[in-house]
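Next come the chains, spelled out residue by residue.
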Amino acid sequence: MEILSFWTIVQLVLALVAILIFISGNAIILVWMERKIAGYIQRRPGPVEVGPEGILQCVADAVKLLSKQILKPTHADSLLYWLGPILIFFAVPLIFMVIPFSPFFTAYEVDLGILLILAFSGINVLSVLVAGWSSNNKYSLYGAARSVSMSVSFEIPLLLAVLAIAFQTGTLNLSTIVAKQGGWPWQWNIFVQPLAFFIYFVCAMAETNRAPFDLGESESELTAGFHTEYSGMGFALFFLAEYANMVVVCCVATALFLGGWNGPFLDGFWWFLAKAYGLLIVMMWIRWTYPRMRFDMILNLNWKWLLPLGALNLLGTAFVLKLIETPCIKEFLEGWGIL
């Protein structure tokens, strides 16, 4: 069993502090971006009064949430009620630890990085269920049931999409996957696995409860869904975790499909962040463009389309990899410089 040295522990603690600062500051930037994008799409200015171009409006909202009184429903289960928002935020910093922002900026390098991310992401489902059930509110329970059933369903095609990349690269290490890609778009995995990227991105939006998959929070039907009874800091943790999870899925997509830190010139973390924020803008664009889907339509999309396509894509990947290993095909491809 490997024992971490003192300096390794210090580095991990410092990395964790840096990640928490990044998550908090990033949430403010993303909220401002979302409001501006929503305003542009809906032909209105968005926030403009508080600070330059309204950037300080998000800071004011954060202060408001921190200063609000925290209330608990009379008949709610106290332990589980407070455990819900803590659980949903607990896994996020741990997931950021294994994301390779650059060759020299990974908090903790681990060979099973993809497996760790998928394992800790499952805590979100548990936290939503705990929050909705413990609130003793029928709207919260309905929202939790919707969100859990949707998340459990979409995890399967998402896993199939990720496995296709793992099969292709022969590793579960995110840094190794990025290193095997080049700086130009035709050298990225999305060029080889466009269907896997599409499946992953759709499932990622569903896993983060983003519109048009936000049935767990649908305001028009369930007030605020699974976090209806939360106020103040409890609601702030759910809010912060949603935006942090958006960044996580976009960072993982950047590492798996978009070449990570590799760029046409001057490789570095700026390329990684540029690609991740590009995907975040697409997620916001989709939210303010498409209406919310019905629950049966969402599940049909998963079970009738994404799951079969993900399975076929994985089988096709395995078949092509096996075909490439045959001596005549391998010799031909090496002769043309493809391998």
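Residues numbered from 1 in each chain as written. Predicted model: local features only at pLDDT ≥ 70, side-chain atom pairs only at ≥ 80, totals over all residues. Heavy atoms only, no water.

Colleague: Can you help me understand the overall build of the chain in this one?
Modeller: Per the secondary structure count, the chain includes 14 helices and 0 strands. Counting from the amino terminus, helix and strand elements in the chain follow one another as α-α-α-α-α-α-α-α-α-α-α-α-α-α. In terms of overall size, the chain behaves like a compact globule, its C-alpha atoms giving a radius of gyration of 21 Å where 339 residues would be expected to give roughly 20 Å. For the C-alpha atoms alone, the extent of the chain along its principal axes is close to 70 × 55 × 45 Å. Accessible surface computed for the chain: about 17400 Å², of which carbon and sulfur atoms make up 72%. Distance between charge centroids for the chain: 8 Å, based on 18 positive and 21 negative side chains. (Helix = DSSP H or I, 4+ residues; strand = E, 2+ residues; numbered from the N terminus. Rg over C-alpha atoms; globule rule 2.2 N^0.38 Å. Areas by Shrake-Rupley, 256 points an atom, 1.4 Å probe, with all protein chains shown as cover. Lys, Arg positive; Asp, Glu negative; His and termini not counted. Charge placed at Lys NZ, Arg CZ, Asp CG, Glu CD.)

Colleague: Explain unusual backbone geometry here, please?
Modeller: Outside of glycine, negative phi angles account for most residues, and trans bonds account for most peptide bonds. Across the junction of Ala-211 and Pro-212, the peptide omega takes the value 5°, indicating a cis bond. In the Ramachandran plot, Asn-136 falls in the positive-phi region, its phi being about 55° despite a non-glycine side chain. Its place among the elements puts Asn-136 in the loop between helix H5 (123-134) and helix H6 (138-169). Judged by its relative accessible area of 51%, Asn-136 falls in the exposed class. The residue Leu-266 is not glycine, and still its phi comes out positive at about 50°. Topologically, Leu-266 is positioned in the loop between helix H11 (232-257) and helix H12 (269-287). The exposed category is assigned to Leu-266, whose relative accessible area is 64%. (Buried < 20%, exposed > 50% of the residue type's maximum accessible area, 1.4 Å probe, protein only.)

Colleague: Which parts of the structure should I look at to understand a nonpolar patch on the surface?
Modeller: Nonpolar side chains collect at one region of the surface, where Leu-129, Trp-133, Tyr-139, Leu-141 and Tyr-142 lie side by side and expose about 510 Å² of accessible area between them. Looking at the nonpolar patch, the elements that each hand over two or more residues are H5 and H6. It is H6 that contributes the most residues to the nonpolar patch, 3 residues altogether. (Patch = residues over 30% accessible without salt bridge, like charges linked within 9 Å, V, L, I, M, F, W, Y side chains within 5 Å. Salt bridge = Lys/Arg side-chain N within 4 Å of Asp/Glu carboxyl O.)

Colleague: For this particular structure, what's the right way to read the nonpolar core?
Modeller: Nonpolar side chains in soluble globular proteins generally cluster together in the buried interior. The biggest cluster of nonpolar side chains holds 83 residues, and the ones touching the most others in it are Phe-96, Tyr-200, Phe-213 and Leu-256. The element best represented in this core is H11, accounting for 17 residues. Leave out the neighbours within four places in its chain, and Phe-96 touches Ile-19, Phe-22, Ile-23, Phe-101, Ala-244, Val-247 and Val-248. (Core = buried A, V, L, I, M, F, W, Y, C linked by side-chain atoms within 4.5 Å. Contact = heavy atoms within 4.5 Å.)

Colleague: Looking at this structure, I do not really get the packing of helix H1 (residues 6-41) against helix H2 (residues 56-67). What am I missing?
Modeller: Axes are the key here: two packed helices are described by the angle between their axes and the distance separating the axes. Between H1 and H2, the least distance of the axes is 8 Å, while the angle of their chain directions is 120°. By the criterion of interaxial angle, the relationship of H1 to H2 is oblique. Seen along the crossing, H1 lies across H2 with a hand that is right-handed. Of the residues in H2, those touching H1 at Ile-28, Val-31, Trp-32 and Arg-35 are Gln-57, Cys-58, Val-59 and Asp-61. Among the residues making up the contact of H1 with H2, the classes are represented as 5 nonpolar, 1 polar and 2 charged. (Axes fitted to C-alpha atoms, helices over the stretch in contact; angles between N-to-C directions. Parallel < 35°, antiparallel > 145°, perpendicular 65-115°, else oblique. Left-handed = near helix turned anticlockwise from the far one by under 90°. Nonpolar A, V, L, I, M, F, W, Y, C, P; charged D, E, K, R; others polar.)

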